[in-house]
Amino acid sequence: MDEQSGLPFVIEVSGEVVGQLNVANMLYGSVSSAVLGYWVVPEVAGRGIVPTAVALASDYLFNIVGMHRIEIDIRPENKPSLRVVEKLGFRYEGLKQGYIHINGAWRDHYVFSLTHEEVPDGVLNRWLRRQVPQLKYPWND
Ligand SMILES: CC(C)(COP(=O)(O)OP(=O)(O)OC[C@H]1O[C@@H](n2cnc3c(N)ncnc32)[C@H](O)[C@@H]1OP(=O)(O)O)[C@@H](O)C(=O)NCCC(=O)NCCS
């Protein structure tokens, strides 16, 4: 497989494009990591579509592309997006201060990740089988 730096996916529901899942910053070799971003239109929010898409993309990246680590960065105030990583058991790693310039200011982001060895049976399987561990998150303290 060619070493691509990114992979753009669309998210479809019943044949309609309702969102996007973007894989960026793909690094290979002794790092083998990638960063995921995502959104769906408000009309389909709250139906578990993004967690499903993130789980499918993560399993593809781990098992087919050969990635070792997947990272997701989320603004601390984005509660719906924090639920996505919580549902799938991405580990909290810390804060990237002033990480991305959004709407006129440099915004902090929480960092979450999963490594391949944490999910030997797959991210989607672990979630569907209700085997996601209860992890510690700063907003639950
Ligand atoms: C954040 C986002 C990706 C979540 O995707 P999703 O497919 O709705 O995910 P889920 O169905 O698992 O819902 C996650 C949480 O959203 C909230 N939610 C539920 N219904 C909702 C609705 N109608 N509208 C908005 N948020 C809703 C709930 O808190 C839910 O958690 P719960 O299942 O424990 O109740 C999606 O709302 C979105 O695209 N938002 C705008 C863009 C964005 O924030 N992208 C992420 C940047 S890091």
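Quick caveat, the model's predicted, so the values are computed rather than measured.

Reading the values: rules and limits
- Residues numbered from 1 in each chain as written.
- Predicted model: local features only at pLDDT ≥ 70, side-chain atom pairs only at ≥ 80, totals over all residues.
- Helix = DSSP H or I, 4+ residues; strand = E, 2+ residues; numbered from the N terminus.
- Rg over C-alpha atoms; globule rule 2.2 N^0.38 Å.
- Buried ≥ 20, exposed ≤ 12 C-beta atoms within 10 Å, placed from the backbone.
- Contact = placed C-beta atoms within 7 Å.
- Pairing = 2+ DSSP bridges.
- Axes fitted to C-alpha atoms, helices over the stretch in contact; angles between N-to-C directions.
- Core = buried A, V, L, I, M, F, W, Y, C linked by C-beta atoms within 7 Å.
- Expected span 1.5 Å × (residues − 1).
- Near = placed C-beta within 6 Å.
- Nonpolar A, V, L, I, M, F, W, Y, C, P; charged D, E, K, R; others polar.
- Arc of directions from axis to C-beta.

1. Observations concerning the overall build of the protein chain
In step 1: Scanning the protein chain from N- to C-terminus turns up three helices and six strands.
In step 2: Reading the protein chain from its N terminus to its C terminus gives the helix and strand order β-β-β-α-β-α-β-β-α.
In step 3: Relative to the compact-globule value of 14 Å for 141 residues, the protein chain shows a C-alpha radius of gyration of 15 Å, a close match.
In step 4: C-alpha extents for the protein chain along the principal axes are approximately 40 × 40 × 30 Å.
In step 5: Expressed as a percentage of the 141 residues in the protein chain, the buried residues total 20%.
In step 6: Restricting the contact set of the protein chain to residue pairs at least 6 apart, pairs at least 24 apart contribute 52%.

2. As for the sheet that holds strand 6 (residues 105-115)
In step 1: In spatial order, the strands read 1-2-3-4-6-5; together these six strands make up an open sheet with mixed pairing. Of all the strands in the sheet, just strand 1 (7-13) and strand 5 (91-102) have a single pairing partner and so form its edges. Strand-to-strand twist across the sheet, computed as the mean angle between neighbouring axes with direction ignored, equals 30°.
In step 2: Judged from the eight bridges that link them, strand 5 and strand 6 form a sheet pairing that is antiparallel. Among the inter-strand pairings, G94 is bridged to a residue of strand 6, identified as V111.

3. Quick notes on unusual backbone geometry
In step 1: Even without being a glycine, S14 presents a positive backbone phi close to 50°.
In step 2: Residue position: S14 is located in the loop between strand 1 and strand 2 (16-27).
In step 3: A positive phi angle, close to 55°, is found at R130, a residue other than glycine.
In step 4: Within the secondary structure, R130 is located in the segment after helix 3 (123-128).

4. Details of the nonpolar core
In step 1: In this structure, L36, V54, L61, V85 and L88 are the most contacted members of the largest nonpolar core, which totals 25 residues.
In step 2: Elements with a minimum of two residues in this core: strand 3 (33-40), helix 1 (49-65), strand 4 (69-74), helix 2 (79-88) and strand 6.
In step 3: Looking at which element gives the most residues to this core, the answer is helix 1, with seven residues.
In step 4: If we skip the residues at most four places from it in the chain, V85 touches I72, I74, F90 and F112.

5. Examining helix 1
In step 1: Spanning 17 residues, helix 1 covers 22 Å between terminal C-alpha atoms, matching the ideal 24 Å at 1.5 Å per step.
In step 2: Within two residues after helix 1, G66 carries a phi angle of roughly 90°, on the positive side.

6. What about the site of the ligand?
In step 1: In the vicinity of the ligand there are 19 residues, among which W39, A45, G46, V50 and P80 approach most closely.
In step 2: At the level of secondary structure, the elements contributing two or more residues to the shell around the ligand comprise strand 3, helix 1 and helix 2.
In step 3: Top contributing element to the shell around the ligand by residue count: helix 2, with six residues.
In step 4: Of the residues in the shell around the ligand, the class split is 11 nonpolar, four polar and four charged.

7. Quick notes on helix 2
In step 1: Along helix 2, the positions that sit buried rather than exposed are L82, V84, V85 and L88. End-on view of helix 2: buried residues confined to an arc of 145°, all on one side of the axis. Along helix 2, exposed side chains directed more than 90 degrees from the buried face belong to K79 and P80.
In step 2: Among the structural elements, helix 1, strand 4, strand 6 and helix 3 are those in contact with the buried residues of helix 2.

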